[in-house]
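Overview (structure and organization)
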Amino acid sequence: MKTIKLFLSYISLGLLMMFFSCTEEDQFYPSIESIPCEQTDVVADPNIISDFQCQANVELEGVEAVLNPDESGINTSRFVGEYKDPAAPWDALIVDYGSAIDLSTYNTFKIKVKAPVAGTLIAKLEGGNSPAKELNVNITNISGWVEYSFDFSDQFNKDHTKLVLFFNAGVDTDGSDVYYIDDLKWVTTADPCAGVAPNLNVVNDFDCQKNQEVPEVELTANPAKSDLNNSKFVGKYVDEVGAWDAVIIEYGTSIDLSTNNVFKIKVWAPVAGTLKAKLEGGTSAGIEKDAAVIKTEQWVEYSYDFSDQAMEDHTKIVLFFNAGVETDGKQVYYIDDLKFAELSDVCNGVTPDRSIINDFNCQQNTTIPGFLSTSIVENPKVGEGNPSDMVLEVTDDGTQAYDALIFESSQAFDLSTKNYFKIKVLAERAVPLLVKLEGGTTPAKEVFAAIDVVGEWAEYTVDFTDQAASDHTKLVLFFNGGQSDGTPTDKYYIDDLRFAAFDPCDGVATNMNIVNDFECQQNYEITCCVTTEIVENPKSSGANTSSKVLKVLDNGTEAYDALVFDRGGVIDLSTKNTLKIKILSTRAVPLLTKLEGGTSPAKEIFADITVVDKWTEYTVDFSSEAGANHKKLVLFFNGGQSDGTAEDIYYIDDIKWE
């Protein structure tokens, strides 16, 4: 604490002011009859950073205690702090505690400000071992004192040693802007759950519905907010060493499964594997169900249908993360919104799409009149190749060259525009596939394809463009067509049989070095915050002849409204760390590019959009981040400025790493 130093400064100020009589300053600052604090028994309140009077508990470098220039409204204090904002856009007032700030209870930061100009005020927590956290407010009132609040309650268990304040953040100034500040302090955060009635169908959401204790799970801030999970708090679970370490939620009484019997949980997983949910305890036999964790480092909701347990007696929910796999005890999972929901028909309200022959879920638009043994079963290999829950299992007599699987429609297939047949197949062996269209008055048409992927889902395409005017009503599949070298019980799994229009991206391999080209390589998801739309290239020439580009509608009156591209995982910057982006702009403006979202501190670099009304490729060097951990690319058009319109338009394309 630097209290003594500040008190001495106040005394010196008081003595100095006593030398003035009827000077020009007296017209603005009446004679001081007391020093900022005349009390001798002040007990320091560690939650007050400084009130520039009796509670000056942390030294504020670059801030001078002065007479309040406007003793009115919400601030009638005699003394306040004067801070002159330097010229650079990211100059900051740093409150350095020198040790971890105690945010366990007092975790909303408040500050009173009398500002000379409108702009953005950013409050940032940093230092220590936790990732930095920043919040911002817009300063619009420059006529008097305004109090601003920054809710850092999700940092209650984090390690930060500094509070950093950026006045008029991101804006170059002439260094003459003077801010008056006062009553910098930490207060308790208002309880957002006050008055919220318990919903006992929610096991625990780590916010307002904490109806059951979840042992071994620590309350923490959401590390990766998204559209699926925007909660402030979640649970953190470190999977212990061993194959069957579990989270056991003990109700102590029978769980009511009479109506709400589908268990749901949102999970951010570090690795792929099996997430097993088990009901046990009570008088009924335990029952367990599995979900395949495919997507990692992003929030995914998993559901377990326990409707067959509606009348059973269970008292525990047991969760096995990465079930059956020996782990090193270092894998961190985040969980949220554990609840029981009512079983519903997901196909209610789904409009039939006649271009889909059958997906064995909601679009079963054809009948299967027999011949081969088939049954709709759970997908034996859920993954990126086919995330569907249900698929068709086909048992084919591989000793018969032309035993057929027939799909029959009540009306002719419309092949006028959608005339490419697509099918997903999971096969045990590489075999020929004969695809045939028949029925109606048009002569039958046969095309051979080759099933060449074994043990994984693969999608195959058959060109029927010459059948655009046909009136076929049947699709016939011959597995291992024309061959008899199989067994009587060859197994095939098929899904998503459909007719589609020509797709120029069909067969294009994913290249994760391309952020987004708004055509075949849309590898990063746009998650926030400005309005965007993929449109026809308005000026296909020069540096960009692509047919599709992204139209960005930016609010030019907001200095930091952002366009966020989320990788869904860590961006590999080890070798390719130069960002390239093509831009068609109507104005020359600054472009702020930012990497964030991982465990590394965010990195910001300004560039300049210098060419108007012409596609131009710009380059930003992020080589300093080669070893960093980032997950999001953020673009701020006219970054740090507010001199545009509410609907500034930019076109962008071919965002990539080189």
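Just so we're clear, the structure is a prediction, and the values are computed from it rather than from any experiment. (Residues numbered from 1 in each chain as written. Predicted model: local features only at pLDDT ≥ 70, side-chain atom pairs only at ≥ 80, totals over all residues. Heavy atoms only, no water.)

Considerations on the overall build of the chain
What counts here: What counts as a helix is a DSSP run of H or I of at least four residues, what counts as a strand is a run of E of at least two, and both are numbered from the N terminus. Each residue is placed in one exposure class: buried if its accessible area under a 1.4 Å probe, protein chains only, is under 20% of its type's maximum, exposed if it is over 50%, and partly exposed if it falls in between. Contacts are assigned to residue pairs that have any heavy atoms within 4.5 Å of one another. A 1.4 Å probe and the Shrake-Rupley method give the accessible areas. Residues count as covered only by the protein chains that appear here. The charged-residue count follows a simple rule in which Lys and Arg add positive charge and Asp and Glu add negative charge, with His and chain termini not counted at all. Charge coordinates come from a single atom per side chain, which is NZ of Lys, CZ of Arg, CG of Asp or CD of Glu.
Per the secondary structure count, the chain includes one helix and 41 strands. Principal axes of the C-alpha set define a box for the chain whose edges measure 110 × 70 × 40 Å. Residues counted as buried form 47% of the 658 residues belonging to the chain. Contacts spanning at least 24 positions in sequence make up 74% of the contacts within the chain whose residues lie at least 6 apart. Summing over all exposed atoms, the chain offers an accessible surface of approximately 30,700 Å²; the carbon and sulfur share of this is 49%. Distance between charge centres in the chain, computed from 50 positive and 105 negative side chains, equals 3 Å.

Comments concerning the layout of surface pockets
How we decide: Any residue with an atom within 4 Å of a point lines the site, the site being either a cavity, points on a 1 Å grid over the protein atoms alone where a 1.4 Å probe fits but cannot get out, or a pocket, an open set with protein on both sides within 12 Å along at least 5 of 7 lines. Grid points are joined across faces, edges and corners, and a volume is the space filled by probe spheres set on the points. Gly is put with the polar residues, along with every residue not named as nonpolar or charged; the nonpolar set is Ala, Val, Leu, Ile, Met, Phe, Trp, Tyr, Cys and Pro, and the charged set is Asp, Glu, Lys and Arg.
Size it by volume and the second largest pocket reaches roughly 550 Å³. Looking at the second largest pocket, it is lined by 15 residues, and the ones nearest its centre are C505, D506, G507, V508 and T510. Class assignment of the residues belonging to the lining of the second largest pocket gives a composition of four nonpolar, six polar and five charged.

Considering empty space enclosed by the protein
In the structure shown here, the tally under the stated rule is one cavity of 30 Å³ or more. Computed from the structure, the largest cavity encloses a volume of approximately 30 Å³. Along the walls of the largest cavity sit V271, A272, G273, T274, L275, V293, F321, N322 and Y333, which together make up its complete lining. A per-element tally of the lining of the largest cavity places strand β16 (residues 273–280) first, with three residues. Broken down by class, the residue content of the lining of the largest cavity amounts to six nonpolar, three polar and no charged.

Observations regarding the state of the cysteines
Cut-off, in case you're wondering: The term disulfide is used for any two cysteine sulfur atoms that are within 2.5 Å.
All told, the structure shown has five disulfides when counted by the stated rule. The partner cysteine of C193 in its disulfide is C208, sulfur to sulfur 1.9 Å. Looking along the S-S bond of the C193-C208 disulfide, the torsion reads about -80°, which is the left-handed sense. Taken together, the residues span a long stretch of sequence, with C193 in the loop between β10 (178–188) and β11 (202–204) and C208 in the loop between β11 and β12 (218–221) at a distance of 15 residues. When the bonded cysteines of the chain are numbered from the N-terminus onward, they pair as 1-2, 3-4, 5-6, 7-8, 9-10.

Some thoughts on the environment of Q209
The line we're drawing: We call two N or O atoms a polar contact when they sit within 3.5 Å, provided that within protein one can donate a hydrogen and the other can accept it, with sequence-adjacent residues counted only if both atoms are side-chain atoms.
Note that Q209 resides in the loop between β11 and β12. Apart from the residues within four sequence positions on either side, Q209 is in contact with V196, A197, P198, N199, V202, V203 and N204. Among the polar contacts made by the side chain of Q209, one reaches the main-chain carbonyl oxygen of A197 at a distance of 2.8 Å. Within the structure, Q209 has its side chain in polar contact with the side chain of N211 (distance 3.2 Å).

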